[in-house]
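Given next are the chains, with one letter for each unit.
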Amino acid sequence: MSLKDRVERCLGDYATAFVECRGDLCVEVPVEDVLKVIASLKDELGFDFLSDLFGVDNSVLFEKKAKAAKKKKKAEDEALPGDDVPPPPRFEVNYLLLSLERNERLQVKIRVPEDKPEVDSVTGIWKAATWPEREVYDMYGIKFKGHPDLRRLLMWDEFPAYPLRKDYPLEGQGEERHLSYTTTES
Amino acid sequence: MGFQAYGGNGWLLTKMEQLINWGRSRSPWPLPYGTACCGIEMMAALAAGYDLGRFGAERPSFSPRQADVLIEAGTITKKMVPILKKIYDQMAEPKWVIAMGACACSGGVFRTYSTLQGIDNVIPVDVYVPGCPPRPEGLIYALMKVMEKIENDHPLRKHALDLVEG
Ligand code: SF4
């Protein structure tokens, strides 16, 4: 049985989409079911190792796609009024799973909307997710419910923005680290 | 300037300032503060091949309190700034700073939200070493420049001025 079939059978309706690219399988699941999905993948299919967890901001990609689609539509039929399909949620969180026993890899993807950037933390299943989740929180502002210690990982605590969001300028917005450190003599 | 002295059997006549400068410039103990790839080049300069010890930088001092020259080799992120400042403040006077590499001098290729655009935003720098990374020869040259600077210093005059003003 191929990996895809097994995943399909294991997840049932939870799997909303499959993408296969150069031999790697990616399965998309609803954001609220991520804990159940990850747990059953671990227990039933033997994906016992979390090799990475990362976020993606798709806003620019979606904008470009929408523009291209509009152009195409215009060229095809000018008369039809454009029925705007709402774009998919802006953020993604991806889990890269590895089965050490069978040497299989699987990518689990959830899409997180901008207005409710909340995901259940998988730290209860994999302790290894602690820092990656903190990084995703730091860079994209996605909150992980149930995370034991959700602080920024790379930027300092008072940093006011989420720098890997596409609307954040590369050179920053002039944030400077406030030099607060204590000396013994004052 | 150099060290001028008159000597004979059992005696030596020179200026106090020159004696102090001679001592200081011949023992610039470095504090190796390598935060990125430039650190590797600094290690090469300190190790046997280039042997910074020939110039009196014999003992890399990992405690800031016993160091004279802070060699800042590598990128400083803004998160790192308080630590750099703290280390600099912990060093006892007199102290000198070498900014090694494009990153330490100006932020280098990292013109981003997270990188400090030159450590001279936070601490005073005596010698800048350009390059990405500079070769160990560059660091050695910088250390010789620091020694030159020390030799042209007037430690006692400064002290006297402090006394007058203070
Ligand atoms: S100047 Fe170049 S070699 Fe040195 S720390 Fe920066 S990037 Fe690395």
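Residues numbered from 1 in each chain as written. Chains lettered and ligands numbered in written order. Predicted model: local features only at pLDDT ≥ 70, side-chain atom pairs only at ≥ 80, totals over all residues. Heavy atoms only, no water.

### Re the overall build of chain B
Then comes step 1: Looking only at helices and strands, one finds 6 helices and 6 strands in chain B.
Then comes step 2: The order of α-helices and β-strands along chain B, N terminus first, is β-β-α-β-α-β-α-β-α-β-α-α.
Then comes step 3: For chain B, the proportion of its 166 residues judged to be buried stands at 43%.
Then comes step 4: With the model as given, the accessible surface of chain B reaches about 8800 Å², and the carbon-plus-sulfur share is 59%.
Then comes step 5: Where the 17 positive side-chain charges of chain B centre and where its 16 negative ones centre are 4 Å apart. (Helix = DSSP H or I, 4+ residues; strand = E, 2+ residues; numbered from the N terminus. Buried < 20%, exposed > 50% of the residue type's maximum accessible area, 1.4 Å probe, protein only. Areas by Shrake-Rupley, 256 points an atom, 1.4 Å probe, with all protein chains shown as cover. Lys, Arg positive; Asp, Glu negative; His and termini not counted. Charge placed at Lys NZ, Arg CZ, Asp CG, Glu CD.)

### Brief notes about the nonpolar core
Then comes step 1: Membership of the largest hydrophobic core comes to 40 residues, with the highest contact counts inside it found for Leu11(A), Leu41(A), Leu53(A), Tyr95(A), Ile110(A), Val119(A) and Ile142(A).
Then comes step 2: Where this core is concerned, the elements lending two or more residues are α1 (3–11), β2 (24–28), α2 (34–45), β3 (49–57), β4 (91–99), β5 (104–112) and α4 (130–140) of chain A.
Then comes step 3: In terms of residues, this core owes the most to one element, α2(A), which gives 5 residues.
Then comes step 4: Setting aside residues up to four positions removed in sequence, Val119(A) forms contacts with Val31(A), Val34(A), Val93(A), Tyr95(A), Ile110(A), Val112(A), Ile142(A), Lys143(A), Phe144(A) and Lys145(A).
Then comes step 5: In this structure, Ala73(B), Trp96(B), Ile98(B) and Ala142(B) belong to the second largest nonpolar core, which totals 21 residues. (Core = buried A, V, L, I, M, F, W, Y, C linked by side-chain atoms within 4.5 Å. Contact = heavy atoms within 4.5 Å.)

### A word on the pattern of salt bridges
Then comes step 1: Taken as a whole, this structure holds 19 salt bridges over all chains when the rule is applied.
Then comes step 2: Ionic pairing is found between Asp89(B) and Lys85(B), a salt bridge with its closest N-O pair at 3.7 Å. Residue Asp89(B) and its partner Lys85(B) are both found in helix α3 (residues 81–90); the two are separated by 4 residues, about one turn of the helix.
Then comes step 3: One continuous salt-bridge network, built from bridges that share partners, spans Glu28(A), Glu92(A), Lys109(A) and Arg111(A). (Salt bridge = Lys/Arg side-chain N within 4 Å of Asp/Glu carboxyl O.)

### A short note on the confidence of the model for chain B
Then comes step 1: Residues at a pLDDT of 70 or more form 96% of chain B, whose mean pLDDT is 89.
Then comes step 2: For this predicted complex, the interface score ipTM comes out at 0.72, alongside a pTM of 0.80. (pLDDT = per-residue confidence, 0-100.)

### Observations concerning the sheet that holds strand β4 (residues 69–73) of chain B
All names here are of chain B.
Then comes step 1: Reading across the sheet, the 4 strands line up as β3-β4-β5-β6 and stay open at both edges, with parallel pairing between neighbours. Single-partner strands in this sheet number two, and they are β3 (30–34) and β6 (127–129). Between one strand and the next, the sheet's axes are offset by a mean angle of 15°, whatever the strand orientation.
Then comes step 2: Alignment of β3 against β4, held across 5 bridges, turns out to be parallel. Opposite Pro32, over in β4, you have Ile71 as the bridge partner.
Then comes step 3: Against the sheet, helix α2 (residues 38–46) touches β3, β4 and β5 (96–100), its axis set at about 150° to β3. (Pairing = 2+ DSSP bridges. Axes fitted to C-alpha atoms, helices over the stretch in contact; angles between N-to-C directions.)

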